[in-house]
Amino acid sequence: MQQIFNFLLKNSNKLLFLLLLGISLVLTIQSHSYHRSKVVTSANYVSGGVYEKVNDVKEYLSLKSQNEQLAQENALLRKLLYNSTDSTEIVVKDSLKGFEKINVIQSKIIKNSYNVKENYLTLNSGAKAGIKPDMGVVNSLGIVGIVEHTSKNYATVISVLNTKIKINAKFKKSNHFGTLTWNGKSTGFLQLVDVPRLAQVRKGDTIVTGNESVTFPPGIGIGTIDKVYTDKVTNYYTLDIKLFNDMTNLGHVYILENYEKKEIEQLEAQTVTEDE
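Note that the coordinates shown come from a computational prediction; the quantities given were computed from them, not determined experimentally.

1. Looking at the overall build of the protein
And then number 1: Tallying secondary structure elements over the protein gives 5 helices and 12 strands in all.
And then number 2: Counting all 276 residues of the protein, 32% fall into the buried class.
And then number 3: Taking the intrachain contacts of the protein between residues at least 6 apart in sequence as the baseline, contacts between residues at least 24 apart amount to 57%.
And then number 4: When the accessible surface of the protein is summed, it comes to about 18,200 Å², and 56% of that surface belongs to carbon and sulfur atoms.

2. Structural notes on the pairing of strand E5 (residues 155-162)
And then number 1: Of all 8 residues in E5, 7 are buried, a share of seventy percent or more.
And then number 2: Two strands pair when backbone bridges link them, and strand E2 (residues 118-123) and E5 are joined in this way by 5 bridges, in the antiparallel orientation. Looking across to E5, one finds that Tyr 120 is bridged to Ile 158.
And then number 3: Both strand E4 (residues 143-150) and E5 contribute to a ladder of 5 bridges, which runs antiparallel. The partner of Gly 145 across the bridge, within E5, is Ser 159.
And then number 4: Turn length for the E4-E5 hairpin, with the two strands adjacent in sequence and antiparallel, is 4 residues.

3. Observations regarding unusual backbone geometry
And then number 1: Of note in the backbone geometry, Asp 134 takes a positive phi value of approximately 75 degrees without being a glycine.
And then number 2: On the secondary structure map, Asp 134 appears in the loop between E2 and strand E3 (136-138).
And then number 3: Judged by relative accessible area, Asp 134 falls into the partly exposed class, the value being 42%.
And then number 4: The backbone phi angle of Asp 194 is positive, close to 60 degrees, even though this residue is not glycine.

4. Examining the environment of Tyr 229
And then number 1: Its place among the elements puts Tyr 229 in strand E10 (residues 221-230).
And then number 2: Here Tyr 229 falls in the partly exposed class, since its relative accessible area comes to 40%.
And then number 3: C-alpha of Tyr 229 to C-alpha of Val 193: the two residues are 36 residues apart in sequence and 9.6 Å apart in space.
And then number 4: Other than its neighbours up to four places away in sequence, Tyr 229 contacts Tyr 236, Tyr 237, Thr 238 and Asp 240.
And then number 5: A polar atom in the side chain of Tyr 229 sits 3.3 Å from the side chain of Asp 240.

5. Considerations on the sheet that holds strand E11 (residues 237-243)
And then number 1: A barrel is described by the order of its strands in space; here 6 strands give the closed sequence E6-E7-E8-E11-E10-E9, paired in antiparallel fashion. Geometrically, the sheet is characterised by an average inter-axis angle of 40 degrees between neighbouring strands, direction not taken into account.

6. Thoughts on the pattern of salt bridges
And then number 1: Using the criterion set out here, one finds 3 salt bridges in the structure.
And then number 2: The partner of Glu 257 in a salt bridge is Lys 132, and the shortest N-O contact between them spans 3.6 Å. Note that Glu 257 is positioned in strand E12 (residues 252-258) and Lys 132 in the loop between E2 and E3, a separation of 125 residues in sequence.
And then number 3: For Glu 257, a relative accessible area of 16% puts it in the buried group.

7. Describing the nonpolar core
And then number 1: Counting 44 residues, the largest nonpolar core has Ile 143, Leu 180 and Ile 255 as the members making the most contacts within it.
And then number 2: No other element matches the 5 residues that E5 contributes to this core.
And then number 3: The contacts of Ile 255, once residues within four sequence positions are left out, are Asn 103, Val 104, Ile 105, Ser 107, Leu 123, Ile 131, Met 135, Gly 136, Val 137 and Val 147.

8. Observations regarding the side chain of Asn 258
And then number 1: Examined against the element boundaries, Asn 258 turns out to sit in strand E12.
And then number 2: Contact partners of Asn 258, with chain neighbours within four places excluded, come to Lys 101, Ile 102 and Val 214.

9. Things to note about a nonpolar patch on the surface
And then number 1: Taken together, the side chains of Leu 16, Leu 19, Leu 20 and Ile 23 make up a nonpolar region of the molecular surface, amounting to roughly 380 Å² of accessible area.
And then number 2: With respect to the helices and strands, the residue Leu 20 is situated in helix H2 (residues 12-31).

10. Some thoughts on the sheet that holds E4
And then number 1: Taken together, the 6 strands give a closed barrel; going around it, the order is E1-E2-E5-E4-E3-E12, and neighbouring strands pair in antiparallel fashion. Taking each pair of neighbouring strands and ignoring which way they run, the sheet shows an average axis angle of 45 degrees.

Cut-off values and rules
Residue indices begin from 1 for each chain and proceed along its sequence in written order. The predicted origin of the model limits local features to residues at a pLDDT of at least 70 and limits the giving and counting of side-chain atom pairs to 80 or more, whereas totals for whole chains, interfaces and linings rest on all residues. Hydrogen atoms and water are omitted, and side-chain values are computed over all heavy atoms in the structure. Only DSSP runs of H or I covering at least 4 residues are called helices, and only runs of E covering at least 2 are called strands; the numbering of each starts at the N terminus. Partly exposed residues are those whose accessible area sits between 20% and 50% of the maximum for their type, while under 20% is buried and over 50% is exposed, using a 1.4 Å probe and protein chains only. Only heavy atoms enter the contact rule, under which two residues are in contact if any of them lie within 4.5 Å. Using the Shrake-Rupley algorithm and a 1.4 Å probe, accessible areas are obtained, with residue cover drawn only from the displayed protein chains. Each pair of strands is called paired provided DSSP finds at least two bridges between the two strands. For this analysis, a polar contact is any N or O atom pair within 3.5 Å, provided that within protein one partner can donate a hydrogen and the other can accept it, and provided that sequence-adjacent residues contribute only side-chain to side-chain pairs. Working convention: axes come from line fits to C-alpha atoms, limited for helices to the stretch in contact. Angles between N-to-C directions cover 0 to 180 degrees. Should a side-chain nitrogen of Lys or Arg be within 4 Å of a carboxyl oxygen of Asp or Glu, the pair is scored as a salt bridge. Among buried residues, the Ala, Val, Leu, Ile, Met, Phe, Trp, Tyr and Cys ones that are joined through side-chain atoms within 4.5 Å form a nonpolar core. To count toward a patch, a residue needs a relative accessible area over 30% and no salt bridge; like charges are then connected within 9 Å, while nonpolar side chains (Val, Leu, Ile, Met, Phe, Trp, Tyr) are connected within 5 Å.

Note that all results are geometric; they support no functional claim without further evidence.
Dropping the structure here:
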C-alpha cells in the first residue's frame, strides 16, 4: 500500500495533467458536433474491423458444417435431375411422388487408394444410411466407383481405378457404346474397349455412362477421348479416356440407388434361363 502512495505522490503532476487532458477532451467532444462525429466514426471503424475479423474466424470454423449442408443440397438436386425425363426443365419435387427411379445418398470418402492395380475407397456411411452393394458412386464431376461391401456405418467402394471394374459407357453425341475398364497404368485415364468401327470417333469427344447400365443413370460424365487405337484382333476401337475426376483428390460423393435395378436383373436372368 505504501508503494502505491509513493507512486501517486511521485507522479502526481503527470497524473493531474492526464486527468485534466481527459476532461478537456470530453468537454470538447461533447460541445462540438464535428469532433463528436469524428470520434464516433473512428470508434465504429475500429469496432467494425474487430467484428469483421471475429466473423472471419467464425466462418472459417463453420466451413465443415457448411460443406456438409451444401453436399446434402446437391444430393437433393441430383435426385431431381436423375429422375427428370427432360433435364432442361425445372422439376417440381412433388411431381416425383410415385415416379422416382433414382435415390441419392450423400457421403464422404475417408480412405482412398490409387497406387495399386485393384484400388478401393472407404465411405463414412453404410447400411444405416441406406447404402447397399452394387450402388453407383459419383461426385460433381463424374463417376467414382461401385459399392462392394457395407457395414452399419461404413462402406467400401471399387474405384474406377480397379482392373476388375467394367462399366457400360457411350458417346455423348451418339448411342455407340463400349465397356469402360482400367489398364492399371495412369490414374488419369480409363480405357473404353469394344467400340465399333462404325462409330465416329474424335479426340475431345465426351464419354458418359451408357443406357445399358443399371448401376448408373445414363449421361453421367466420365471424361473425354484422348487417344484412339485399333485392336488388330477384334478390329474394334480402344480409346484412352481422360477422366473429368482427379481420382487422387476426392471428398464428398453421392451414392445412387436404382429402384428398378432388381426388377431389370430378375427379368434378364429369367430371359437367359428360358433361352438355355
